[in-house]
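Coordinates in review
For reference, the chains in residue letters:
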Amino acid sequence: MDDDMVFDPSLKKKKKKKTGFDIDAALAGEQGESTSVEAPAGTGDVDLPEDDNLDLDNFGKKKKKKKKGVFNMEELESTLPETPPAEEPEQQEDEVIDDLDLDIDFSKTKKKKKKKNIEELVLEDDKGEDQENVEDVSGDLWSGTDRDYTYDELLERVFDIMREKNPSMVSGKKQKFIMRPPQVVRIGTKKTSFANFTEICKTLHRQPKHLLDFLLAELGTSGSVDGNSQLIIKGRFQQKQIENVLRRYIKEYVTCHTCRSPDTILQKDTRLFFLQCETCGSRCSVASIKSGFQAVTGKRAAIRAKTA
Amino acid sequence: MSIQNLNTYDPFADAIKSSEDDVQDGLVHVRIQQRNGRKTLTTVQGLSSEYDLKKIVRACKKEFACNGTVVEHPEYGEVLQLQGDQRENICQWLTKSGLVKPEQLKVHGF
Ligand SMILES: [Zn+2]
């Protein structure tokens, strides 16, 4: 309960924030238009732990929604400016150089030259981008000419077609689960309660038995669901740790391995489990859950008594 | 003079051998288990039986300054046991020493 109230399973250790990849940027723009239905709750859900306050604010809203029985599992990412506008990086570079000027006493002339160069580069870059943009707009430049199309042109074209015909699939890349965090409470000194275990199973549309098997196998322990539908696990575990395991479960057994959509069905077929995606139709086998080797950890006396 | 093409050679000999060796999926599973109190135990299952696990455990004990043993399991073969949470250590060590490829490692636990 201590940190982020909205638990985003697809969170990948705080990385990936500053990748200024243009395709993403383009997509982000499109999403904004296409997802206005779910947008209100989405605005705050920028899923990094630092956003505590925002998430807390949203938490109330979520709860209400849940009471109405609407599970808001696939929340598209907000259109908040994740990717900075094109000029920003260069500006930052300038600032960095200024800092250096303040801190270290290098010969200033050199610095200035560098700065100039960078500015020139920026200008050139801008021109380059402009040209590219022109190309983008005009579409198939090679049509009607003799020349071969370039790889970039083809790539651009196929992405345009994809975006045009299938906005949901392209934006599916950024789909996120938003679900309530696991409520984990210690019971005494040796056991842990995972209070909303059943609720989370329902959110994920998975059999409690399956998630239970996975949790216990991963944690290398034993446990069972009690009368109040909470999971009692042997051993001491923190919410963070359970969250980590849940994240891995979702990655392997809930979200589609191809398009990452959470709209999937887990089917058992001759001893193997298959993940069938409802969004893109892909079907792939998933790892079977094995607890594997378990070391004997009890008291030695007890083991001796058993074996003797 | 022998004709090379007619030599009997089973191209799958390697594959058959290795599938017998590794009882499971060819992955090396690194797990953690809680013992009494705050103490934990790291187990490494699936190392090739061609390696001398006793030597490995000796090196690891020294490197990570922890105790450890090799346990023989009827199904999983020889399993490495180390005291404490040595998952990061052992993964690094196994890949650095070239005994296991990074993609073969599967780390479990919290
Ligand atoms: Zn899919």
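Before going into details, it helps to say that this report is about the structure given with it. From a predicted model like this one, the values you see are computed outputs, not experimental measurements.

Considering the coordination of the zinc ion
Residue and element names in this part refer to chain A.
- Bound to the zinc ion on the protein side are Cys256 (SG), Cys259 (SG), Cys277 (SG) and Cys280 (SG), at distances that span 2.3 to 2.4 Å.
- One can describe the donor arrangement at the zinc ion as tetrahedral, given that its 4 donor atoms subtend angles of 107 to 114 degrees at the metal.
- Mapped onto the sequence, the donors of the zinc ion take the spacing C-x2-C-x17-C-x2-C.

Side note on helix H8 (residues 197–204) of chain A
Residue and element names in this part refer to chain A.
- All of the buried residues along H8 are Phe197, Ile200, Cys201, Thr203 and Leu204. All buried residues of H8 fall inside an arc of 160 degrees around its axis, so they share one side.
- Just downstream of H8, His205 is the residue with a positive phi angle, here 60 degrees.

Structural notes on a positive patch on the surface
- Together, Lys54(B), Lys55(B), Arg58(B) and Lys61(B) give the surface a local cluster of positive charge.
- Lys54(B) gets classed as partly exposed once you look at its relative accessible area, which sits at 48%.

Digging into the sheet that holds strand S9 (residues 283–286) of chain A
Residues and elements named next belong to chain A.
- Read from one edge of the open sheet, 3 strands run S7-S8-S9, paired in antiparallel fashion. Every other strand in the sheet has two partners, leaving strand S7 (264–269) and S9 as the edge strands with one partner each. Shown here is a sheet whose adjacent strand axes are inclined to one another by a mean of 30 degrees, direction ignored.
- Looking at chain direction, S7 and strand S8 (residues 272–277) are connected through 6 bridges and run antiparallel. What sits directly across from Gln267, in S8, is Phe274.

Quick notes on the packing of aromatic side chains
Residue and element names in this part refer to chain A.
- Across all of its chains, the model carries 5 aromatic pairs over all chains by this definition.
- Seen in terms of ring centroids, Phe214 and Tyr253 are 5.5 Å apart; in terms of plane orientation they differ by 75 degrees. Their pairing is edge-to-face. One end of the pair, Phe214, is in helix H9 (residues 208–219); the other, Tyr253, is in helix H10 (residues 239–253), with 39 residues separating them in the sequence.
- Since its relative accessible area comes to 8%, Phe214 is described here as buried.
- When the centroid spacing of 5.2 Å and the interplanar angle of 35 degrees are considered together, the rings of Tyr249 and Tyr253 count as tilted.

Thoughts on the interface of chain A and chain B
- Between chain A and chain B, the residue contacts involve 17 residues of the former and 21 residues of the latter.
- Buried surface at the junction of chain A and chain B, both sides included, amounts to about 1600 Å², of which 50% is carbon and sulfur.
- Taken together, the connections running from chain A to chain B amount to 0 salt bridges.
- The tally of links between chain A and chain B comes to 8 residue pairs in polar contact (both at pLDDT 80 or more).
- Elements that contribute at least two residues to the side of chain A that touches chain B include exactly H9 and H10 of chain A.
- For the side of chain A that touches chain B, the element with the most residues is H10(A), which contributes 4 residues.
- Within the side of chain A that touches chain B, the residues separate by chemical class into 5 nonpolar, 8 polar and 4 charged.

Details of the environment of Glu278(A)
All names here are of chain A.
- Mapping Glu278 onto the fold places it in the loop between S8 and S9.
- Residue classification places Glu278 among the partly exposed residues on the basis of a relative accessible area of 47%.
- C-alpha of Glu278 to C-alpha of Cys256: the two residues are 22 residues apart in sequence and 8.8 Å apart in space.
- Excluding residues within four positions of it along the chain, Glu278 makes contact with Asp263, Thr264 and Ile265.

Topic: the pattern of salt bridges
Residues and elements named next belong to chain A.
- In total, this model carries 8 salt bridges over all chains according to the counting rule given.
- In this structure, Glu199 and Arg180 form a salt bridge, with 3.8 Å as the shortest nitrogen-oxygen distance. In this pair, Glu199 sits in helix H8 while Arg180 sits in the loop between strand S2 (176–177) and strand S3 (184–187), placing the two residues 19 residues apart along the sequence.
- Residues Arg248 and Glu218 are paired through a salt bridge, measuring 2.4 Å at the closest nitrogen-oxygen approach. Of this pair, Arg248 sits in helix H10 while Glu218 is found in helix H9, placing the two residues 30 residues apart along the sequence.
- You can call Arg248 partly exposed: its relative accessible area is 29%.

Analysis parameters
Residues numbered from 1 in each chain as written. Chains lettered and ligands numbered in written order. Predicted model: local features only at pLDDT ≥ 70, side-chain atom pairs only at ≥ 80, totals over all residues. Heavy atoms only, no water. Donors = N, O, S within 2.8 Å, 3.2 Å for Na, K, Ca; no water. Tetrahedral: all angles 85-135°; square planar, octahedral: opposite > 155°, others 65-115°. Buried < 20%, exposed > 50% of the residue type's maximum accessible area, 1.4 Å probe, protein only. Helix = DSSP H or I, 4+ residues; strand = E, 2+ residues; numbered from the N terminus. Arc of directions from axis to C-beta. Patch = residues over 30% accessible without salt bridge, like charges linked within 9 Å, V, L, I, M, F, W, Y side chains within 5 Å. Areas by Shrake-Rupley, 256 points an atom, 1.4 Å probe, with all protein chains shown as cover. Salt bridge = Lys/Arg side-chain N within 4 Å of Asp/Glu carboxyl O. Lys, Arg positive; Asp, Glu negative; His and termini not counted. Charge placed at Lys NZ, Arg CZ, Asp CG, Glu CD. Pairing = 2+ DSSP bridges. Axes fitted to C-alpha atoms, helices over the stretch in contact; angles between N-to-C directions. Phe/Tyr/Trp six-rings, centres within 6.5 Å; stacked < 30°, edge-to-face > 60°. Contact = heavy atoms within 4.5 Å. Buried area = accessible area lost by both parts, 1.4 Å probe. Polar contact = N/O pair within 3.5 Å; in protein donor to acceptor, adjacent residues only side chain to side chain. Nonpolar A, V, L, I, M, F, W, Y, C, P; charged D, E, K, R; others polar.

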